[in-house]
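# Breakdown of the fold
Single-letter residue listing:
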Amino acid sequence: YFLRWTLRSWAERPDAFVHAALGAVAHAAGAAAGAYYSVEEQLLVRTANLGCEPANDTVPQLVGDGLTGKVALSGEPMLLDDLEQCGVRVRTGLLEITPHALLLYPIKRDARVVGVMELLFTNTGATTARELLEYLANDIARGPRVVDPAAETARSKSLEEELVIANARLERLTSELSNRERVARAAGSGGT
């Protein structure tokens, strides 16, 4: 819930939405660094950074090239774990580290990949991050939404009406169940 609230809270600042989404997922899962790549006309463009060098000098990459490009092309997440045993070193904006895992997760809108989130872990949080992204990917893909107060009020009224109806049904079922229990007890005690 907190992560969804964080994403909604950035709805007024669309330019910061992807940064907020990346930061929220990375913080919740304990990622050491991360980046978000937007898919723009068969190119991957890094649009957000967390703990890695700024994107100023990066050249867009073609969808299909490299690991990130392959995830953008296939639409399937990729988790590389036990990287520390391979001796892989990664340089971030702050330091050079030997990561435990790398998660590349496609963000889809209507079955089309619109971005890829890349998270680097020095701990075992990659599985948690993958679960979070499975839960939040649709919200991230939709992007910031401006809430229409009138529509929210109408939706709330509709939900309240549904709740009243559901409560009435529950009370009726509870009453019927109580009556059946009384009949069953009376039949059980009368036949003894």
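Residues numbered from 1 in each chain as written. Predicted model: local features only at pLDDT ≥ 70, side-chain atom pairs only at ≥ 80, totals over all residues. Heavy atoms only, no water.

The next thing to look at is the overall build of the chain. Helices and strands together make up the secondary structure of the chain, namely six helices and eight strands. The order of α-helices and β-strands along the chain, N terminus first, is α-α-β-β-β-α-β-α-β-β-β-β-α-α. Expressed as a percentage of the 192 residues in the chain, the buried residues total 33%. Relative to all contacts within the chain whose residues are 6 or more apart in sequence, the contacts with residues 24 or more apart total 53%. (Helix = DSSP H or I, 4+ residues; strand = E, 2+ residues; numbered from the N terminus. Buried < 20%, exposed > 50% of the residue type's maximum accessible area, 1.4 Å probe, protein only. Contact = heavy atoms within 4.5 Å.)

This part takes up the side chain of Ser-38. By the secondary structure assignment, Ser-38 is in strand E1 (residues 33-40). Only 3.2 Å separates the side chain of Ser-38 from the side chain of Thr-47, close enough to count as a polar contact. Those residues within four positions of Ser-38 in sequence are excluded, and the remaining contacts are Leu-43, Leu-44, Val-45, Thr-47, Val-114 and Gly-115. (Polar contact = N/O pair within 3.5 Å; in protein donor to acceptor, adjacent residues only side chain to side chain.)

Within a sheet, each strand pairs with its neighbour through backbone hydrogen bonds, oriented either parallel or antiparallel. A sheet is described by the order of its strands in space; here six strands give the open sequence E3-E2-E1-E8-E7-E4, paired in antiparallel fashion. Edge positions in the open sheet fall to strand E3 (61-62) and strand E4 (78-81), since each of these has one partner strand only. Bridge count for E1 against strand E2 (residues 43-50) is seven bridges, and the pairing is antiparallel. When the bridges of E2 are listed, Glu-40 appears paired with Leu-43. Docked against the sheet, helix H5 (residues 126-142) engages E1, E4, strand E7 (101-109) and strand E8 (112-121), running at close to 20° with respect to E7. (Pairing = 2+ DSSP bridges. Axes fitted to C-alpha atoms, helices over the stretch in contact; angles between N-to-C directions.)

For the rest of this paragraph, the subject is the environment of Phe-17. Residue position: Phe-17 is located in helix H2 (residues 14-29). You can call Phe-17 buried: its relative accessible area is 4%. Taking the C-alpha atoms as reference, Phe-17 lies 9.6 Å from Ala-48; in sequence the two are 31 residues apart.

On average, residues of the chain carry a pLDDT of 77, and 76% of them reach 70 or more. The secondary structure element of the chain with the lowest average pLDDT is helix H1 (residues 2-9), at 48, and the one with the highest is helix H3 (residues 66-74), at 90. Across residues 9-14 the pLDDT falls below 50, and counting only partners more than four positions away or on other chains, this stretch makes seven contacts in the model. (pLDDT = per-residue confidence, 0-100.)

Of all hydrophobic cores here, the largest spans 24 residues; its most connected members are Ile-107, Met-117, Leu-119, Phe-121, Leu-133 and Ile-140. Looking at this core, the elements with two or more residues in it are H2, E7, E8 and H5. Take this core: its biggest share by element is eight residues, from H5. If you look at the next biggest cluster of nonpolar residues, it comprises 13 residues, including Tyr-37, Val-39, Leu-102 and Val-116. (Core = buried A, V, L, I, M, F, W, Y, C linked by side-chain atoms within 4.5 Å.)

Take the pattern of salt bridges next. Following the criterion strictly, the structure yields one salt bridge and no others. In this structure, Arg-172 and Glu-176 form a salt bridge, with 3.7 Å as the shortest nitrogen-oxygen distance. With Arg-172 and Glu-176 both in helix H6 (residues 149-190), this residue pair falls four residues apart, about one helical turn. Relative accessible area serves as the criterion here: at 45%, Arg-172 is assigned to the partly exposed category. On the basis of relative accessible area, Glu-176 is assigned to the partly exposed category, the value being 32%. (Salt bridge = Lys/Arg side-chain N within 4 Å of Asp/Glu carboxyl O.)

Within E8, eight of the ten residues are buried, which leaves it mostly tucked inside the rest of the structure. Pairing analysis gives six bridges linking E1 to E8, with the strands arranged antiparallel. The partner of Ser-38 across the bridge, within E8, is Gly-115. Across nine bridges, the pairing between E7 and E8 is antiparallel. The residue of E8 that forms the bridge with Pro-106 is Val-116. Counting the residues that bridge the hairpin from E7 to E8 gives two residues, and of these Asp-110 lies at a positive phi of roughly 55°.

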